[in-house]
Amino acid sequence: MKVRKAVFPVAGLGTRFLPATKAMAKEMLPIVDKPLVQYAVEEAYASGIKEIIFVTGAGKTAIENHFDHSCELEHMLMARGKDAQLKMIHALIPEPGSIIYTRQNQPLGLGHAIWCARNIVGNEPFAVLLADDLIQAEKPVLKQMMEKFDELQSSIVSVVEVDPKETSKYGILDADPLVNSITKIRGLVEKPKPEEAPSNLAIIGRYILTPEIFTILQGKETGAGGEIQITDAMARLLKTQDIYGYRYQGTRFDCGNKAGFQMANLAFSFDRPDLRERLLPFIRNLIDKY
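Definitions and cut-offs
Residues numbered from 1 in each chain as written. Predicted model: local features only at pLDDT ≥ 70, side-chain atom pairs only at ≥ 80, totals over all residues. Heavy atoms only, no water. Helix = DSSP H or I, 4+ residues; strand = E, 2+ residues; numbered from the N terminus. Rg over C-alpha atoms; globule rule 2.2 N^0.38 Å. Buried < 20%, exposed > 50% of the residue type's maximum accessible area, 1.4 Å probe, protein only. Contact = heavy atoms within 4.5 Å. Areas by Shrake-Rupley, 256 points an atom, 1.4 Å probe, with all protein chains shown as cover. Core = buried A, V, L, I, M, F, W, Y, C linked by side-chain atoms within 4.5 Å. Phe/Tyr/Trp six-rings, centres within 6.5 Å; stacked < 30°, edge-to-face > 60°. Lys NZ or Arg CZ within 6 Å of the ring centre and 35° of its normal. Expected span 1.5 Å × (residues − 1). Pairing = 2+ DSSP bridges. Polar contact = N/O pair within 3.5 Å; in protein donor to acceptor, adjacent residues only side chain to side chain. Salt bridge = Lys/Arg side-chain N within 4 Å of Asp/Glu carboxyl O. Axes fitted to C-alpha atoms, helices over the stretch in contact; angles between N-to-C directions. Parallel < 35°, antiparallel > 145°, perpendicular 65-115°, else oblique. Nonpolar A, V, L, I, M, F, W, Y, C, P; charged D, E, K, R; others polar.

(A) Broad picture of the overall build of the protein chain. Within the protein chain, the secondary structure is distributed over eleven helices and 13 strands. The C-alpha atoms of the protein chain give 20 Å as radius of gyration, which agrees with the globular expectation for 290 residues (19 Å, within 12%). Viewed in the frame of its principal axes, the protein chain has a C-alpha envelope of about 60 × 50 × 35 Å. A buried classification covers 47% of the 290 residues belonging to the protein chain. In the protein chain, the proportion of contacts linking residues at least 24 apart, taken out of those at least 6 apart, comes to 76%. Of the roughly 15000 Å² that the protein chain leaves accessible, carbon and sulfur atoms contribute 52%.

Written out as structure tokens, the structure is:
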């Protein structure tokens, strides 16, 4: 089985970033000069994904427009001889039919958002990418995971060690010790209190799942926060198949919170020599000031 499709749940309201996200999708917030969702889509295509499935909600038309032609803008760039910018805009537009949109019409959680893509995914393994988790890596994290999937032919989630005090923010693994970056999962708990967490090994926003997960999500059982949790569904999936955790190679930025978002902007800015030269003196002065 090969992974050809990737699901992007992008229906969330982004309330942590209000008022910036009142009229703009949180996935369109920029890191330097590209929106978060573009980094995730580029990771998917660089990993070999052939079909992108966006699970959207109300107010998300900016995402659709971003990955489509903008005739007025393109004509203006052409008329002014801005060939580099025109080429960059054209590079955003995928092959016709390779991006599909479906709606999550109720905010019932990540598990429900994934379930909404069931008829498009069909009976094959698929990836899930959460644009909030932006990862700097020499080899795309999803590609790393797809190579492991080719070997194991079983569901895989990306994992990271988190501060034990923060387990209540994540799906947490009860798992064997990591060996060559892989662990076999014994159990999963969604957002446990620190004193109840089986470990500090947390799932972050990259998954490869087999289609059996849809049968479990069909039951629409709710968990933490009254939502349909993908962690709970995977815990039930463990009864019939192995699931693995993969400790990816790369640096993750949690852009679902304001501090992580600013850290990502700094890190990606420093990758740009033109910006680094301007920012370094400013940051040094800022550090001295505070």
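(B) How the structure looks around the nonpolar core. Membership of the largest hydrophobic core comes to 38 residues, with the highest contact counts inside it found for F8, I49 and F54. When contributions to this core are tallied by element, the ones reaching two or more residues are β1 (5-9), α1 (36-46), β4 (51-56), β6 (126-129), α7 (141-152), β8 (155-161), β11 (201-209) and β12 (243-247). Sort the elements by how many residues they give to this core and α7 lands first, with five residues. Beyond its immediate stretch of four places on either side in the chain, I49 contacts V3, R4, K5, A6, A44, A127, L142 and M146.

(C) The arrangement of the packing of aromatic side chains in detail. On inspection of all chains with the given rule, the structure shows seven aromatic pairs. Their ring planes at 70° and their centres at 5.5 Å tell us that F17 and F261 sit as a pair that is edge-to-face. With a gap of 244 residues between them, F17 in the loop between β1 and β2 (30-31) and F261 in helix α10 (residues 258-270) connect regions that are remote in the sequence. Both residues of the pair, F17 and F261, count as buried. With centroids separated by 5.2 Å and ring planes inclined at 70°, the aromatic side chains of Y39 and F268 adopt a geometry described as edge-to-face. Of this pair, Y39 sits in helix α1 while F268 is found in helix α10, placing the two residues 229 residues apart along the sequence. Comparing Y39 with F268, the two get one shared label, buried. Over the ring of Y39 we find K34, and its NZ or CZ is 4.5 Å from the ring centre. Above the plane of the ring of W115 lies R118, whose end atom (NZ or CZ) is 3.6 Å from the centre.

(D) Inspection of α7 at higher detail. For α7, which comprises twelve residues, the first-to-last C-alpha distance of 17 Å matches the rise-based estimate of 16 Å (1.5 Å per residue) to within 8%. Along α7, the positions that sit buried rather than exposed are V141, L142, Q144, M145, M146 and F149. Buried positions along α7 lie against α1, β6, β7 (133-136), β8, β11 and β12. Q153, located one to two residues past α7, shows a positive phi value of around 55°.

(E) Structural view of the pairing of β11. With nine of nine residues buried, β11 lies mostly within the body of the structure. Strand direction decides the pairing type here: β6 and β11, joined by four bridges, are antiparallel. The residue of β11 that forms the bridge with A127 is I208. The pairing of β8 with β11 spans five bridges and is antiparallel. Its bridge partner being in β11, I156 is matched across the sheet by I208.

(F) Molecular detail of the side chain of T231. Summarising the element assignment, T231 is placed in helix α9 (residues 230-237). At a separation of 2.6 Å, a polar atom in the side chain of T231 contacts the side chain of E190. Filtering out sequence-adjacent residues up to four positions away, T231 remains in contact with G171, L188, V189, E190 and I203.

(G) Seen up close, the pattern of salt bridges. Applying the stated rule across the entire model yields 16 salt bridges. As a salt-bridge pair, K2 and D150 come within 3.4 Å of each other at their nearest N and O atoms. Of this pair, K2 sits in the segment before β1 while D150 is found in helix α7, placing the two residues 148 residues apart along the sequence. Overall, D150 belongs to the partly exposed group, its relative accessible area being 35%. For E43, the salt bridge identified is with R206, shortest N-O distance 2.9 Å. Here R206 lies in strand β11 and E43 lies in helix α1, a separation of 163 residues in the sequence. Neither residue differs from the other here; E43 and R206 are each classed as buried. The network of salt bridges with common partners includes R4, K5 and E124.

(H) Structural detail: the packing of α10 against helix α11 (residues 273-289). Between α10 and α11, the shortest axis-to-axis distance is 8 Å and the interhelical angle comes to 130°. Here α11 runs oblique to α10, going by the angle between their axes. Where α10 approaches α11, its residues L266, S269 and F270 are matched on the opposing element by L275, R276, L279, L280 and I283. Of the residues assigned to the contact of α10 with α11, the class counts are six nonpolar, one polar and one charged.

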